[in-house]
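Architecture at a glance
This is what each chain is made of:
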Amino acid sequence: MNDLVTVLLESLRDGYVQVSAFVAVTVLAFGLLQYWTDGAVISAIEDNERLQVLFGGLLGLTPGCGGAIVVMPLYVRGTVSFGTVVATLGATAGDSAFVILALAPEAALYAYAIAFVASVATGYLVDSFGMGVSRVDAAVARLSPATADGGTVVNGGVGPNPAHDYGGPSPTHAHDTGPDRRSRVLTPLSHLLHVAWWLASVAGLVLGTLYLLRGGPEVALALDLGFDGLFTAIGVVGAVLSLYLYAVGRHYVGEGEIARARDSFGSVYDTLTHAAMETSFVTVWVLVAFLVYEYAVLLTGVNVTTVAAAAGVLAPIGGAVVGLIPGCGPQILLASVYAEGGLPFSALSANAIAQDGDALFPLLAVDAKAAIVATIYNLLPAVVVGVALHFLWSPVFGMAEFGFGVL
């Protein structure tokens, strides 16, 4: 029982300080960029057709799913190409990127650079040679009349990339959102705890940075004013606040929908709120991943590294297959296992290319065929690159398959 409690507390603490505090900074930075530019990023994508695939890959590369989610409705309303969708989804690092960036930054640099190059190349190939895209677009054009923003018919629906209405979730401005619940008690409490969460995240960022500068040492569970005690207290408190914001608070502060892309925000506080709720979502999944892995090892005694090593070339193929699952939860679990030294780098890279994170959901809701085709297009380079890394990485570059880049 003591071991079970210890694993729980250490997972809460480490998940928040080692991952969530850094996630908060990244999500906030992207949100502030959207706020300060008032949607200029999206306008740049729409106005540069030849660079759309590259821009899509760059947006997908940003940690989290927000950048990629922004691109999906742009395709559905006909302003970006199908190759841009493929490149964006393939380069999407999703929320699992936060785990790798925090725990294995060197691995993140290589894995996501590989994913970016492979995905952008695939996107340009798709646009250059068609590869079934015309059939997908023709089917979509038959479903609804070609329209642009505001409902104006353009080009009569002809051309390689017909525009049409977008019927599902779309990027929204701040004035389109608001609390979906109100309470005389929970509304002010949620805003208060949101502020407390940011104070904990700042403290967690400082402690997390010191932790990395010290080389990632073992930190004992403690309750004192020393480094170990502050690390434990801030980590547990921050994790508990994250659980509250995800389960309850987000409904009272205007962020009830998770992974809802926005092209701008109404204020700095609105940007802070969005970043806090998105980070809380990541925190919950990180905690689930940590607990699943740690309890599995504790209760079964199975050495995951040994099992993955025995899988051989099936490891990267398995990583690519896991990437087919929409959503960030399974990908965060896989990234956490890698960070624990339980998977080879080839599996991480294959998963980085194949995964679409939450960005696939809005496209599935409106254009399932396009979503499925895009996913298949990204599975192919994921398997090829993952298998190639399995056979070539260690002998060619002299880097170990396991533990590569893990602090």
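Conventions and cut-offs
The written sequence of each chain sets the order in which its residues are numbered from 1. Selection of residues for local features in this predicted model requires a pLDDT of at least 70, selection of side-chain atom pairs for listing and counting requires 80 or more, and totals for whole chains, interfaces and linings are taken over all residues. Just so you know, side-chain values use all the structure's heavy atoms and leave hydrogens and water out. In this text, helices come from DSSP runs of H or I with a minimum length of four residues, and strands from runs of E with a minimum of two, each type numbered from the N-terminal end. When a residue's accessible area, from a 1.4 Å probe over protein chains only, is under 20% of the maximum for its type it is buried; when over 50% it is exposed; and in between it is partly exposed. Contact definition: two residues touch when any of their heavy atoms are within 4.5 Å. Using a 1.4 Å probe, the Shrake-Rupley method yields the accessible areas, and only the shown protein chains count as cover for residues. Between 30 and 60 degrees the pair is tilted, below 30 it is stacked and above 60 it is edge-to-face, where a pair is any two Phe, Tyr or Trp rings, Trp via its six-membered ring, whose centres lie within 6.5 Å. Placement of a charge over a ring requires the Lys NZ or Arg CZ to be within 6 Å of the ring centre, with the centre-to-atom vector within 35 degrees of the ring normal. Patches here are clusters of residues that have more than 30% relative accessible area and form no salt bridge, with a 9 Å joining cutoff for like charges and a 5 Å cutoff for nonpolar side chains (Val, Leu, Ile, Met, Phe, Trp, Tyr). Take a side-chain nitrogen of Lys or Arg and a carboxyl oxygen of Asp or Glu: if they are within 4 Å of each other, that pair is a salt bridge. Definition used in this section: a nonpolar core is a set of buried Ala, Val, Leu, Ile, Met, Phe, Trp, Tyr and Cys residues joined via side-chain atoms within 4.5 Å. Definition of a polar contact: a pair of N or O atoms within 3.5 Å, with one able to donate and the other able to accept a hydrogen when the atoms are protein atoms, and with sequence-neighbouring residues admitted only if both atoms are side-chain atoms. Angles here are taken between N-to-C directions and fall from 0 to 180 degrees, while the axes themselves are lines fitted to C-alpha atoms, restricted in helices to the stretch in contact. Any angle between 65 and 115 degrees counts as roughly perpendicular, while under 35 counts as roughly parallel, over 145 as roughly antiparallel, and the rest as oblique. Crossing chirality is assigned from the near helix's rotation relative to the far helix, an anticlockwise turn below a right angle marking it left-handed and a clockwise turn marking it right-handed. Charged residues are taken to be Asp, Glu, Lys and Arg, nonpolar residues to be Ala, Val, Leu, Ile, Met, Phe, Trp, Tyr, Cys and Pro, and polar residues to be all remaining types, Gly included. Confidence of the prediction at every residue is given by pLDDT, a number between 0 and 100.

**Examining the overall build of the protein**
Secondary structure summary: the protein contains 17 helices and zero strands in total. Put simply, the protein has 407 residues, and 52% of those count as buried. The long-range fraction of contacts in the protein, counting pairs at least 24 apart against all pairs at least 6 apart in sequence, stands at 80%. As displayed, the protein offers around 17000 Å² of accessible surface, 68% of which is attributable to carbon and sulfur atoms.

**Topic: the environment of Ser-119**
Secondary-structure assignment places Ser-119 in helix H7 (residues 105-129). Along the chain, Ser-119 and Val-85 lie 34 residues apart, while their C-alpha atoms are 9.9 Å from each other. Contacts of Ser-119, omitting those with residues within four sequence positions, involve Ala-87, Gly-90, Ala-91 and Ile-353.

**Focus on the packing of aromatic side chains**
The geometry of two aromatic rings is summed up by the distance between their centres and the angle between their planes. Taken as a whole and assessed by the stated rule, the structure comprises seven aromatic pairs. When the ring of Phe-82 is compared with that of Tyr-377, the centres are 6.2 Å apart and the planes differ by 75°; the resulting orientation is edge-to-face. Note that Phe-82 is positioned in helix H5 (residues 82-91) and Tyr-377 in helix H17 (residues 368-397), a separation of 295 residues in sequence. Of the two residues, Phe-82 and Tyr-377, neither departs from the other in class, the shared state being buried. Clustering of aromatic rings is evident, with ring pairs tying together Tyr-16, Trp-197 and Trp-198. Its guanidinium or amino end placed over the ring of Tyr-246, Arg-250 lies 4.9 Å from that ring's centre, counting from NZ or CZ.

**Overview of helix H15 (residues 345-354)**
In terms of burial, H15 is largely enclosed, as ten of its ten residues are buried. Residues Phe-345, Ser-346, Ala-347, Leu-348, Ser-349, Ala-350, Asn-351, Ala-352, Ile-353 and Ala-354 constitute the buried set of H15.

**Observations regarding H5**
Counting buried residues along H5, ten of its ten residues qualify, which places the element largely inside the surrounding structure. Those residues of H5 lying buried are Phe-82, Gly-83, Thr-84, Val-85, Val-86, Ala-87, Thr-88, Leu-89, Gly-90 and Ala-91.

**Examining a nonpolar patch on the surface**
There is a patch of nonpolar side chains on the surface, built from Val-202, Val-206, Leu-210 and Leu-213 and spanning about 380 Å² of accessible area. Residue position: Leu-210 is located in helix H9 (residues 186-213). Overall, Leu-210 belongs to the partly exposed group, its relative accessible area being 35%.

**Some words on the nonpolar core**
With 64 residues, the main nonpolar core has Val-19, Ile-100, Trp-197 and Tyr-338 as its most contacted residues. With ten residues, the single largest contributor to this core is helix H11 (residues 268-300). Residues within four places of Trp-197 in sequence aside, it is in contact with Tyr-16, Ala-24, Gly-238, Leu-241, Ser-242, Leu-245, Ala-276, Thr-279 and Ser-280. Counting 22 residues, the second largest nonpolar core, distinct from the first, contains Leu-74, Leu-89, Val-373 and Tyr-377.

**Let's talk about the side chain of Ser-11**
Tracing the chain through its elements places Ser-11 in helix H1 (residues 2-37). Judged by its relative accessible area of 3%, Ser-11 falls in the buried class. Here Ser-11 is in contact with Leu-287, Phe-290, Leu-291 and Glu-294, once residues within four sequence places are set aside.

**Thoughts on the side chain of Ser-201**
Position of Ser-201 relative to the elements: it lies in helix H9. Overall, the relative accessible area of 4% leaves Ser-201 in the buried class. Polar contacts involving the side chain of Ser-201 include one to the main-chain carbonyl oxygen of Trp-198, which spans 2.6 Å. When near neighbours in sequence (up to four residues on either side) are disregarded, Ser-201 contacts Tyr-16 and Ala-21.

**Looking at the packing of H5 against H7**
At their nearest, the axes of H5 and H7 sit 8 Å apart, and the two run at 165° to each other. With respect to H7, the axis of H5 lies roughly antiparallel. The handedness of the crossing between H5 and H7 comes out as right-handed. Residue-level inspection shows Phe-82, Gly-83, Thr-84, Val-86, Ala-87, Gly-90 and Ala-91 of H5 in contact with H7, the latter providing Ala-115, Phe-116, Ser-119, Val-120, Thr-122, Gly-123, Val-126 and Asp-127. A per-class count over the contact of H5 with H7 returns eight nonpolar, six polar and one charged.

**Points about the environment of Phe-82**
On the basis of relative accessible area, Phe-82 is assigned to the buried category, the value being 1%. Sequence spacing of Phe-82 and Ala-374 is 292 residues, and the spatial spacing of their C-alpha atoms is 8.1 Å.

**With respect to the packing of H1 against helix H10 (residues 227-247)**
For the pair H1 and H10, the least separation of the axes is 7 Å and the interaxial angle reads 85°. As far as their axial angle goes, H10 and H1 are roughly perpendicular. Contact with H1, carried on its side by Leu-9, Leu-12, Arg-13, Asp-14, Tyr-16, Val-17 and Gln-18, involves Phe-231, Thr-232, Ile-234, Gly-235, Val-236, Gly-238, Ala-239, Ser-242 and Leu-243 of H10 and no other residues of that element. When the residues that make up the contact of H1 with H10 are grouped by side-chain class, the tally is nine nonpolar, five polar and two charged.

**Structural notes on the pattern of salt bridges**
Throughout the structure, instances matching the rule amount to one salt bridge. For Arg-13, the salt bridge identified is with Asp-14, shortest N-O distance 2.8 Å. The class for Arg-13 is buried, based on a relative accessible area of 3%.

**So, the confidence of the model for the protein**
Scored by pLDDT, the protein comes out at a mean of 76, with 74% of its residues at no less than 70. Here helix H8 (residues 133-143) stands out as the element of the protein with the lowest mean pLDDT, 57, in contrast to H10, whose mean of 92 is the highest.

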